[in-house]
Amino acid sequence: MLKEALRILLHTHTPPGNSSTYVQLLQTCIIKNALSQGKNVHSFIAHRRFTVASCATIQNKLICMYVMCGSLVDARKVFDHIEKPGNILWNTIIAAYRRYGFPREAVTLFHQMQRTGLQPDQFTFASILPACAKMGALEQGMDIHQSITERGFLSDVVVGNALLDMYAKCGSVDKAHELFDRMSQRDAISWNAMIVGYTQNGLVEKALETFKQMQLAGVKPDSTTFASILPACSKMGALEQGMDIHQSITEGGFFSHVSVGSALVDMYAKCGSIDKAYELFDRMLQRNVVSWTAMILGYAQHGFIEKALETFKQMQLAVVKPNATTFASILPACAKMGALEQGMEIHQSITEGGFLSDVAVANALVHMYAKCGSIDKARELFDKMPQRNVVSWNAMIAGYAQNGFCKDALNIFELMKHSGTFPDIVSFACVLFACSHAGLVNQGCAYFNHMRSPNYITPTVDHHVCMIDLLARAGYLEDTLKFIIKMPVKPVVVVWLCFLSACRQHMNIGLGVFTAMLLLDFDPKNAATYVLLSNIYAEANRWGEVQIVRRLMKDRGIKKTPGCSWIEGHEMVHAFCVGDRSHPQTEEIHAKLEELAWEMKAAGYFPDSRHSLNDVEEEEKELLLCHHSEKLAIAFGLLNTTPGTTIRVVKNLRVCAECHTATKFISKIVGREIVVRDANRFHHFKQGQCSCRDYW
């Protein structure tokens, strides 16, 4: 019909002089998103120089057509050729720039309009205030507020709502609340603006209170209300309140709104009810990027890493384009699993999508590469970042520290200070971690004392744990105990566990048993205490005490966490547990381990059976050690990757001393770099040496 109407128009000898014909044609182009046909109508009007061409209605409709059909450039060309645009045309072009994400240009146009002598009306103010909100331009917003008051538009509910939104999004929630209280007329949008403002500024209890007041005032919540209040429940972990709101959503028929459904999925996921989140996600008839991202983030935050990666792949198959939040959510899952190949594929998608300039995405990429042991790639990305924040610097400091490049970590910390970025509590925790894993006791103490200097940072429990680890790991056990006693904060379980681990490392049985008894009083259900105490007795060949500890564990129903390792291969992550024979390649894997055992012995290696911690014959101890999870993963890697490539393994527990020695031998025999990430740090094995220099 549109093409036919255009054909008749273009071939008519007596073009219509009534502007309504052209307005209707342009409106049809808008509805059908027909940019090329719209250009034809524009061309027809321009070339015939009709009197209607100067009609403000047609000029406005032309600008609207170009804006709605996605050509802001053409809309601006039309506007710039109008000799004296009136309020309607100025309002249209200002709103267009704000809509397309150019708030600064919208504000510039607003000032240009005033310089022409035109006075803004309520529609101008309603368009320009969201631009100020987007920019966080509070001062400009306040100036506009004054103009609104002077021109008597404050009673207009649309203008009032735009002011509320501006103050809330610029962080001036008190000013927004003051304005809200003075409003003579409020609608659902007014209440929604306050709810969103409180939620976005972290005042989630205020948001929930305002939601209740809205209902008491007899104002019915709409889809925007529900999509705004559910994030407040998410931030508070208020599952029961979220469930009550869910019931209201169901009763009101709002679940079919994709924004509400997405907010519900996010609420259940962040409140720990991941099964309910998936149930709702599965029922959604329509899903958008927010829905998928909520599900991915939910899985990632609650430890279902494989599910998070699987959901991301399903999202791509559904042809839903990820946004910056999606990428910032999925990359930590890759980091957690050590899934470097998948992380690199996501990096490519980020580059293609133009998200690399987003600081949160870039930070997540740096973190992912560092946590996957690719520290050079992490540094390369870090150096190219056009913008950095404290999270960027912390990711790099932590990356160097965990990968065993502690001096580099300290150098980055010093660069951070000279860059003008103020170190936070995480920065100092990363630096102290670096010092503890390099045995830099004096430097660690100096950083700790510097942090405690007046008006700087008050050390948290985490910082004290780092100091305890620093001193105890270096063998200063008595000094460590004095440090614990003098701590200004009450020692928590992790403090004593850290000290107990050092007692085991330095074979101080007396202090170890004393600490274990304290821990059993504090937290009798913590398996780590029993395991460490059992290991202390086992390494001292006190097998009677070992049996007592193990019997106590059995009687109390406490189970030791089994050693597990993960390795990426064939576009998936393979998991191995200690003694595992469930893998499809298990025969090949064990055959490879036997082959390596012969080659290692020929190279001078003999298993240190003390580390098996089992009261069995020596030959059986050696067999148990050969079946540790990281060795199974390494064997799998050797079988399934190209010779010369790096093998990367992630382990849930600390690498034992025997496996550490064995992996050094394997790296030299096969001529490969082997990167093992254990519960504490990275070990880069290369040519028979480890990056930790046997200090871990």
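Before reading further, recall that the structure is shown in the block above.
Overview of the structure. The numbering scheme is per chain: residues are counted from 1 as the chain's sequence reads. It should be noted that, the model being predicted, local features are given only for residues of pLDDT at least 70 and side-chain atom pairs only at 80 or more, the latter also being counted only at that level, while totals for whole chains, interfaces and linings use all residues. Only hydrogens and water are removed before side-chain values are computed, so all heavy atoms of the structure are retained for them.

1. Considerations on the overall build of the chain
Secondary structure elements follow DSSP: runs of H or I of four or more residues count as helices, runs of E of two or more count as strands, with numbering from the N terminus. Tallying secondary structure elements over the chain gives 37 helices and 6 strands in all. For the chain, the spread of C-alpha atoms along the principal axes amounts to about 105 × 55 × 55 Å. Of the roughly 33,700 Å² of accessible surface on the chain, 53% is carried by carbon and sulfur atoms. Residues counted as positive are Lys and Arg, residues counted as negative are Asp and Glu, and His and the chain ends are not counted. To locate a charge, take NZ of a lysine, CZ of an arginine, CG of an aspartate or CD of a glutamate. The average position of the 69 basic charges and that of the 66 acidic charges among the side chains of the chain differ by 4 Å. Accessibility throughout is a Shrake-Rupley quantity obtained with a 1.4 Å probe, and a residue counts as covered only by protein chains that appear here.

2. A few points about empty space enclosed by the protein
Here a cavity denotes grid points, spaced 1 Å and computed from the protein atoms alone, that fit a 1.4 Å probe unable to get out, and a pocket denotes an open set having protein on both sides within 12 Å along at least 5 of 7 lines; residues with an atom within 4 Å of a point are the lining. Grid points are joined across faces, edges and corners, and a volume is the space filled by probe spheres set on the points. In total, this model carries 1 cavity of 30 Å³ or more according to the counting rule given. Volume-wise, the largest cavity comes out at about 50 Å³. Around the largest cavity, the lining residues are G338, K371, C372, G373, R648, V649, V650, V675, R677 and F682. Of all elements in the fold, only β3 (647-651) and β4 (674-677) reach the threshold of two or more residues within the lining of the largest cavity.

3. Side note on helix α29 (residues 477-485)
Exposure categories follow from relative accessible area, calculated using a 1.4 Å probe and restricted to protein chains: below 20% of the type maximum is buried, above 50% is exposed, and the middle band is partly exposed. Here α29 has its buried residues at L477, T480, L481, F483 and I484. Down the axis of α29, the buried side of the element spans an arc of 160 degrees, and every buried residue falls inside it. In α29, the exposed residues that point more than 90 degrees away from the buried face are E478, K482 and I485. Working definition: the arc comes from the directions between the helix axis and the C-beta atoms, pointing outward to the latter.

4. Regarding helix α9 (residues 138-150)
To estimate how far a helix should reach, multiply one less than its number of residues by 1.5 Å. With 13 residues, α9 ought to run about 18 Å at 1.5 Å a step, and its terminal C-alpha atoms sit 18 Å apart, in line with that. Looking only at α9, the buried set comprises G141, I144, H145 and I148. Burial along α9 is one-sided: seen end-on, the buried residues are contained in an arc of 110 degrees. Along α9, exposed side chains directed more than 90 degrees from the buried face belong to E139 and E150. Contacts between residues were defined by any pair of non-hydrogen atoms, one from each residue, lying within 4.5 Å. The inward-facing, buried residues of α9 abut α7 (103-115), α8 (122-135), α10 (157-169) and α11 (173-182).

5. Regarding the environment of A395
On the secondary structure map, A395 appears in helix α24 (residues 390-402). Linking A395 and A370, residues 25 residues apart in sequence, is a C-alpha distance of 7.9 Å. What A395 contacts, discounting residues up to four positions off in sequence, is N363, V366 and H367.

6. Looking at the nonpolar core
We define the nonpolar core as a collection of buried residues of types Ala, Val, Leu, Ile, Met, Phe, Trp, Tyr and Cys that are connected through side-chain atoms lying within 4.5 Å of one another. Core analysis: the biggest nonpolar cluster contains 196 residues, and I63, I93, I249 and M368 have the highest contact counts within it. Excluding anything up to four places from it in sequence, I63 contacts A75, V78, F79, I82, L89, T92 and I93. I567, L593, A635 and F685 belong to the second-largest nonpolar core, a separate cluster that totals 26 residues.

7. Overview of the pairing of strand β2 (residues 572-577)
Examined bridge by bridge, strand β1 (residues 564-569) and β2 share 6 bridges and lie antiparallel to one another. From the neighbouring strand, S565 faces β2, where its bridge partner is F576. In this antiparallel pair of consecutive strands, β1 and β2, the connection spans 2 residues, and H570 shows a positive phi of 55 degrees. Pairing between strands requires that DSSP locate at least two bridges from one strand to the other.

8. With respect to the sheet that holds β1
Strand order in the open sheet formed by 6 strands is β2-β1-β3-β4-β5-β6, with mixed pairing between adjacent strands. Where the open sheet ends on each side, the last strands, each with one partner, are β2 and β6 (689-690). Interaxial angle, 0 to 180 degrees, is taken between N-to-C directions of lines fitted to C-alpha atoms, where a helix line uses only the stretch in contact. Across the face of the sheet, helix α37 (residues 657-670) comes into contact with β4, β5 (682-686) and β6 while running at roughly 40 degrees to β5.

9. Quick word on the packing of helix α12 (residues 188-200) against helix α14 (residues 223-236)
Direction vectors running N to C along α12 and α14 enclose 25 degrees, while the axes themselves pass 9 Å from each other. On the basis of the axis angle, α12 is roughly parallel to α14. Of the two possible hands of crossing, α12 and α14 adopt the one that is left-handed. Contact residues: N192, I195, V196, T199 and Q200 in α12; T224, T225, S228, I229, P231, A232 and K235 in α14. Each angle receives one of four descriptions, namely roughly parallel if under 35 degrees, roughly antiparallel if over 145, roughly perpendicular if within 65 to 115, and oblique otherwise. We call a crossing left-handed when the near helix sits turned anticlockwise from the far one by less than a right angle, and right-handed when that turn is clockwise.

10. Examining the packing of aromatic side chains
Whether two aromatic rings pair depends on their centres lying within 6.5 Å, for rings of Phe, Tyr and Trp, where Trp uses its six-membered ring; planes under 30 degrees apart make the pair stacked, over 60 edge-to-face, and the rest tilted. In the structure shown here, the tally under the stated rule is 19 aromatic pairs. Between Y97 and F102, the ring centres sit 6.3 Å apart and the planes meet at 70 degrees, which makes this aromatic pair edge-to-face. Overall, F102 belongs to the partly exposed group, its relative accessible area being 44%. For the pair F125 and F153, a centre-to-centre distance of 5.9 Å together with 55 degrees between the ring planes defines the contact as tilted. Taken as a pair, F125 in helix α8 and F153 in the loop between α9 and α10 lie far apart in primary sequence, 28 residues in all. Taking the relative accessible area as the measure of exposure, F125 reaches 0% and is therefore buried. Taken together, F110, F125 and F153 form an aromatic cluster joined through their ring pairs. Two conditions define a charge sitting above a ring: the NZ of Lys or the CZ of Arg must be within 6 Å of the ring centre, and it must be within 35 degrees of the ring normal. Sitting above the plane of the F281 ring, R287 keeps its charged end 4.1 Å from the centroid.

11. As for the state of the cysteines
Here a disulfide denotes one covalent bond, and it connects the sulfur atoms of two cysteines. Disulfides are defined in this document as cysteine sulfur pairs within 2.5 Å. Within the structure shown, the criterion is met by 0 disulfides. Considering cysteine sulfurs only, C132 is the nearest to C170, which forms no disulfide, with 7.2 Å between them. Of the residues examined, C170 reaches a relative accessible area of 18% and is grouped as buried. C656 carries a free sulfur, and the closest cysteine sulfur to it, the one in C659, is 3.5 Å from it.

Honestly, it's all geometry; don't read function into it.
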